[in-house]
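Given next are the chains, with one letter for each unit.
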Amino acid sequence: MADALFFAAGVFATVAARQTVNILAYKTFLLVLRDRMRLDELTEANARLELLARTDPLTAIATAAG
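We now turn to the structure provided with this report. These numbers come from a predicted model, not from an experiment.

Analysis parameters
- Residues numbered from 1 in each chain as written.
- Predicted model: local features only at pLDDT ≥ 70, side-chain atom pairs only at ≥ 80, totals over all residues.
- Heavy atoms only, no water.
- Helix = DSSP H or I, 4+ residues; strand = E, 2+ residues; numbered from the N terminus.
- Rg over C-alpha atoms; globule rule 2.2 N^0.38 Å.
- Buried < 20%, exposed > 50% of the residue type's maximum accessible area, 1.4 Å probe, protein only.
- Areas by Shrake-Rupley, 256 points an atom, 1.4 Å probe, with all protein chains shown as cover.
- Patch = residues over 30% accessible without salt bridge, like charges linked within 9 Å, V, L, I, M, F, W, Y side chains within 5 Å.
- Salt bridge = Lys/Arg side-chain N within 4 Å of Asp/Glu carboxyl O.
- Polar contact = N/O pair within 3.5 Å; in protein donor to acceptor, adjacent residues only side chain to side chain.

## A short note on the overall build of the chain
Move 1: In terms of helices and strands, the chain carries one helix and zero strands.
Move 2: The C-alpha radius of gyration computed for the chain amounts to 27 Å, which surpasses the reference 11 Å derived for 66 residues by more than 25%, pointing to a less compact arrangement than a globule.
Move 3: Dimensions of the chain, computed from C-alpha atoms along their principal axes, come out at roughly 85 × 20 × 5 Å.
Move 4: In the chain, which comprises 66 residues, the proportion classed as buried is 0%.
Move 5: Accessible area for the chain stands at about 6300 Å²; split by element, carbon and sulfur atoms hold 70% of it.

## Thoughts on a nonpolar patch on the surface
Move 1: Taken together, Tyr-26, Phe-29, Leu-30, Leu-33 and Met-37 make up a surface patch of nonpolar side chains, about 510 Å² in accessible area.
Move 2: Tracing the backbone through its elements, the reader meets Leu-33 in helix 1 (residues 2–53).
Move 3: Overall, the relative accessible area of 37% leaves Leu-33 in the partly exposed class.

## As for the pattern of salt bridges
Move 1: One pass over the full model with this rule turns up two salt bridges.
Move 2: A salt bridge links Asp-35 to Arg-34; the shortest N-O distance between them is 3.3 Å.
Move 3: Take Asp-35: its relative accessible area is 41%, and that puts it in the partly exposed class.
Move 4: In this structure, Arg-54 and Glu-50 form a salt bridge, with 2.5 Å as the shortest nitrogen-oxygen distance.
Move 5: Owing to a relative accessible area of 42%, Glu-50 belongs among the partly exposed residues under this scheme.

## A look at unusual backbone geometry
Move 1: The phi dihedral of Ala-60 falls on the positive side, at around 60 degrees, and the residue is not glycine.
Move 2: Summarising the element assignment, Ala-60 is placed in the segment after helix 1.
Move 3: The exposed category is assigned to Ala-60, whose relative accessible area is 60%.

## A short note on the environment of Arg-38
Move 1: Tracing the sequence through the fold places Arg-38 in helix 1.
Move 2: Separated by 19 residues in sequence, Arg-38 and Pro-57 have C-alpha atoms that sit 28 Å apart.

## Looking at the environment of Thr-14
Move 1: Counting through the fold element by element, Thr-14 comes out in helix 1.
Move 2: Taking relative accessible area as the criterion, Thr-14 reaches 54% and is therefore assigned exposed.
Move 3: From its side chain, Thr-14 meets the backbone oxygen of Gly-10 in a polar contact 2.8 Å long.

Shape is all these values report; function is a separate question.
In structure tokens, the structure reads:
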């Protein structure tokens, strides 16, 4: 009986550990996805800022690179 209980506890611990690993992997995936989205947003914002910095605000004509 003790062996069966010990075995059942081991199976339970293994299942719980596997579930924890799956949850952590999913959270890691979501964090990486969020970071990639933020990087894309920052890249677009920097491109817009670059365009604004190189464009005359009154005439909307590109200024000389400097």
